[in-house]
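So the chains spell out like this:
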2 protein chains.
Amino acid sequence: MSGGKPLTYAGAGVDIEAGNEAVRRIKALVETTRRPEQLDGLGGFAGLMGLPAGLREPVLVSCTDGVGTKLLVAIALDRHDSVGIDLVAMNVNDLLCTGAQPLFLLDYIATGRLEPGKIEQLVAGVVAGCRQAGCALLGGETAELPGMYADGHYDLAATAVGVVERDEIWGPHRAEAGDAVLALPSSGLHSNGYSLARKALLSPEHGGLDLGDPLPGAGPDDPRSVGDALLEPTRIYEPAFAALRALDGAPVHAAAHITGGGLIENPPRALRDELAMEIDLSAVAQPAVLRAVAACGVARDELLRTFNCGIGMLLLVDPARADDALAACDAAGQPATPVGRVVPRSPGAAGVHINGLD
Amino acid sequence: MSGGKPLTYAGAGVDIEAGNEAVRRIKALVETTRRPEQLDGLGGFAGLMGLPAGLREPVLVSCTDGVGTKLLVAIALDRHDSVGIDLVAMNVNDLLCTGAQPLFLLDYIATGRLEPGKIEQLVAGVVAGCRQAGCALLGGETAELPGMYADGHYDLAATAVGVVERDEIWGPHRAEAGDAVLALPSSGLHSNGYSLARKALLSPEHGGLDLGDPLPGAGPDDPRSVGDALLEPTRIYEPAFAALRALDGAPVHAAAHITGGGLIENPPRALRDELAMEIDLSAVAQPAVLRAVAACGVARDELLRTFNCGIGMLLLVDPARADDALAACDAAGQPATPVGRVVPRSPGAAGVHINGLD
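Residues numbered from 1 in each chain as written. Chains lettered and ligands numbered in written order. Predicted model: local features only at pLDDT ≥ 70, side-chain atom pairs only at ≥ 80, totals over all residues. Heavy atoms only, no water.

### What to know about the overall build of chain A
Working step 1: Helices and strands together make up the secondary structure of chain A, namely 11 helices and 12 strands.
Working step 2: The C-alpha radius of gyration computed for chain A amounts to 22 Å, which stays within 12% of the reference 21 Å derived for 358 residues, consistent with globular compactness.
Working step 3: Counting over 358 residues, chain A shows a buried share of 60%.
Working step 4: Of the contacts formed within chain A by residues at least 6 apart in sequence, a portion of 83% connects residues at least 24 apart. (Helix = DSSP H or I, 4+ residues; strand = E, 2+ residues; numbered from the N terminus. Rg over C-alpha atoms; globule rule 2.2 N^0.38 Å. Buried < 20%, exposed > 50% of the residue type's maximum accessible area, 1.4 Å probe, protein only. Contact = heavy atoms within 4.5 Å.)

Next up, the structure:
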């Protein structure tokens, strides 16, 4: 039954040597994310991590997410060293909303044909993100899947795990009417809404731009291309959150990562049903790339429901301690801005009211 | 700049309502995997899980993996309810090798166009796998990524997290010359080597079979099609491992999941460099599908390096307690077979020696 050439795994499109070469390239990089709780030499099938000392009743916190079609921008530009930061950010920023400290992350890279240099770039981004987030890159999988991805395409996913003291968990159970709402600014579109943003900016019947064109409306102080602006890495808020977790008296009650679903769907995720958030965007700078997307004909409601509109993270804080929280964020190099407050919610009313985005 | 139709996320290929419908369908399924340590109602951004009571010095164990091109068989047959079991198995079987008990899993499903019925089938498989593994499906991401996957294609990845007492970790540090090697049989090809198996069986220049053809050499007691045999779910070994972890005196020293790299690369992962494994396959039944692949012209070395060759898991056990371990596996409904022993390794020699596969 067999043909002339012996059938091998390599002949079926799986290049084990390319896989081994990729592993060699990333090993030293990954080593720089090590945490002291990590255990080694205990077997090659899984990553092992002890818990930070001194926890009374640790609760594990875990999230999984990908980067979405932002990857298509990286692929089009053949620049793969920053989407790993996005990957870490999308996971860690979710995890931070519980008050947890990030411990470790595992990544999954899948592609049709394994190119070690590209894998190295991708992992370099993941490593940079893990260092910003203070978490170890504890493991991962690089899968070569002939026939499943278009030429040169890949997908990324990751899972982050953190830990929080059981009686210090942040969330809707702590949010109160009267809480101050502080915003940590986003760095751009982060990693949400790229199917819409790409269509608005790039499709001939809308923006008609190329990735290499100057970003419209960016001003002489920001001479970036459309592609640069779209690839801007998602901000990772661990520095601010580490400072906030360290404040005496637990003044932060809850947080909302402004991820998929934008400013409409995410704020209510930090609230019980009887509460709502009032947010005034007039003090929030809108990223130039968002203004460019809006100018291509995306309506206000769709902007609010799809994009972060300048806010990467909302913090719900004891109003008497808002200044302490602002000072902590400042000291961490990630300044926040007061943008609103938590109010009682009438039955049937929305969980968020937004003003100040024209 | 904008065209006639207002630009929306839905118009850009992302169907939020289909996403919400998929979430509704899977919610009740996921609920059946609940563990008592799980925490709820503490915010929508992450999954929360306490630790099992009574652990003195818990170590977290984590793995990430996908299903690989076995998915292309599921897609070709339009049967999506079992690859979720494979997904759990590929992760949990790695995790089990450390002696850890599985706690939770998070899944990532990515597709070009979200079909709620297909997502429900996929998650039903993940849930079935999690129930076999005793772990909670704590979270997940279903990503609709227009332009990244071919029509009808999807990818799956997952991360499993478990916990083990620090001084009870299994691994190379415990393996000893003289240890008995026991094998837990595989259910088929599991989820490795599918690029080669598909090429061998299905390509016109080799096997030339269709997925609907009877599996050659399967015999009248196994009237399965090629597609049925290729889709056979990966066995999840938690029942046997739970029984083995419960044995007094920790007779199991290490385990090797026979995953990518087959019987050549995986046994040494359970050993220090100065040890090797001798394995005799003559008592191990070769799955009919593997015999069919071999008959298409895949050489013995390539079989051993790519496929599990009938063995899903190897256990390295104190030889004085091998009968106890065999009895524990029997009682758990997953009988094991003695296949070899651990021996000293000469410098430069291979970490595994295999006899009995013709």
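### What about the UniProt feature "domain: PurM-like N-terminal" (unreviewed entry) in chain A?
Working step 1: Within this structure's numbering, the places UniProt gives as "domain: PurM-like N-terminal" (unreviewed entry) are residues 59–164 of chain A.
Working step 2: Between the end C-alpha atoms of residues 59–164 of chain A there is a gap of 5 Å, over a span that is 38% helix and 37% strand. (UniProt positions renumbered as here; feature names shortened; annotations may be inferred.)

### Here we look at the packing of helix α1 (residues 16–31) of chain B against helix α4 (residues 116–133) of chain B
Residues and elements named next belong to chain B.
Working step 1: Put simply, α1 and α4 touch, their axes get as near as 9 Å, and they point 25° apart. It follows that α1 is roughly parallel to α4 by the angle criterion. Like other packed secondary-structure pairs, α1 and α4 cross with a definite hand, here right-handed. Residues A18, E21, A22, R25, I26, L29 and V30 of α1 touch α4, and the partners they reach there are P116, G117, I119, E120, V123, A124 and V127.
Working step 2: Residues that form the contact of α1 with α4 fall into these classes: 10 nonpolar, 1 polar and 3 charged. (Axes fitted to C-alpha atoms, helices over the stretch in contact; angles between N-to-C directions. Parallel < 35°, antiparallel > 145°, perpendicular 65-115°, else oblique. Left-handed = near helix turned anticlockwise from the far one by under 90°. Nonpolar A, V, L, I, M, F, W, Y, C, P; charged D, E, K, R; others polar.)

### Brief notes about the interface of chain A and chain B
Working step 1: In this complex, chain A contributes 89 residues to the contact, which on the side of chain B involves 89 residues.
Working step 2: Roughly 6,800 Å² is buried in total at the junction of chain A and chain B, and carbon and sulfur atoms are behind 66% of that figure.
Working step 3: If you sort the residues of chain A by the area they bury against chain B, L7(A), F45(A) and M148(A) come out on top, with a joint share of 14%.
Working step 4: Here chain A and chain B share 0 salt bridges between them.
Working step 5: For the interface between chain A and chain B, the tally reads 14 residue pairs in polar contact (both at pLDDT 80 or more).
Working step 6: No other element matches the 9 residues that strand β3 (residues 58–66) of chain A contributes to the side of chain A that touches chain B.
Working step 7: Pairing of strand β2 (residues 47–50) of chain A with strand β3 (residues 58–66) of chain B involves 4 bridges; the strand directions are antiparallel. (Buried area = accessible area lost by both parts, 1.4 Å probe. Salt bridge = Lys/Arg side-chain N within 4 Å of Asp/Glu carboxyl O. Polar contact = N/O pair within 3.5 Å; in protein donor to acceptor, adjacent residues only side chain to side chain. Pairing = 2+ DSSP bridges.)

### Describing helix α3 (residues 83–96) of chain A
Working step 1: The end-to-end C-alpha distance of α3(A), which contains 14 residues, comes to 20 Å, matching closely the 20 Å that a straight helix rising 1.5 Å per residue would cover.
Working step 2: Of all 14 residues making up α3(A), 14 are buried, and the element is well covered by its neighbours. (Expected span 1.5 Å × (residues − 1).)

### Here we look at the sheet that holds strand β7 (residues 180–185) of chain B
All names here are of chain B.
Working step 1: Taken in spatial order, the 6 strands make up an open sheet running β8-β10-β7-β11-β9-β12, and their pairing is mixed. Only two strands of the sheet have a single partner each, and these edge strands are β8 (252–257) and β12 (352–355). Averaged over neighbouring strand pairs, the angle between their axes works out to 25° when direction is ignored.
Working step 2: When β7 meets strand β10 (residues 311–317), the two strands line up antiparallel, connected through 6 bridges. Residue pairing in the sheet places L184 in a bridge with M313 of β10.
Working step 3: Against the sheet, helix α7 (residues 238–245) engages β7, β8 and β10, with an angle of about 5° to β10.
Working step 4: Lying on the sheet, helix α11 (residues 322–331) is in contact with β7, β10 and β11 (337–344); it crosses β7 at an angle near 10°.

### Notes on the pairing of strand β5 (residues 136–144) of chain A
Residue and element names in this part refer to chain A.
Working step 1: Sheet topology note: the strand β4 (residues 101–111)/β5 ladder contains 8 bridges and is parallel. When the bridges of β5 are listed, L106 appears paired with G139.
Working step 2: Following the backbone out of β4, through helix α4 (residues 116–133) and into the adjacent parallel β5, one traces a crossover that is right-handed. (Right-handed = clockwise from strand over helix to strand, strands pointing away.)

### Describing the pairing of β7(B)
Residues and elements named next belong to chain B.
Working step 1: Along β7, 5 of the 6 residues are buried, which leaves the element largely enclosed by surrounding structure.
Working step 2: Sheet analysis places β7 next to β11, joined by 4 bridges and oriented antiparallel. By the bridge assignment for β11, A183 is matched with T337.

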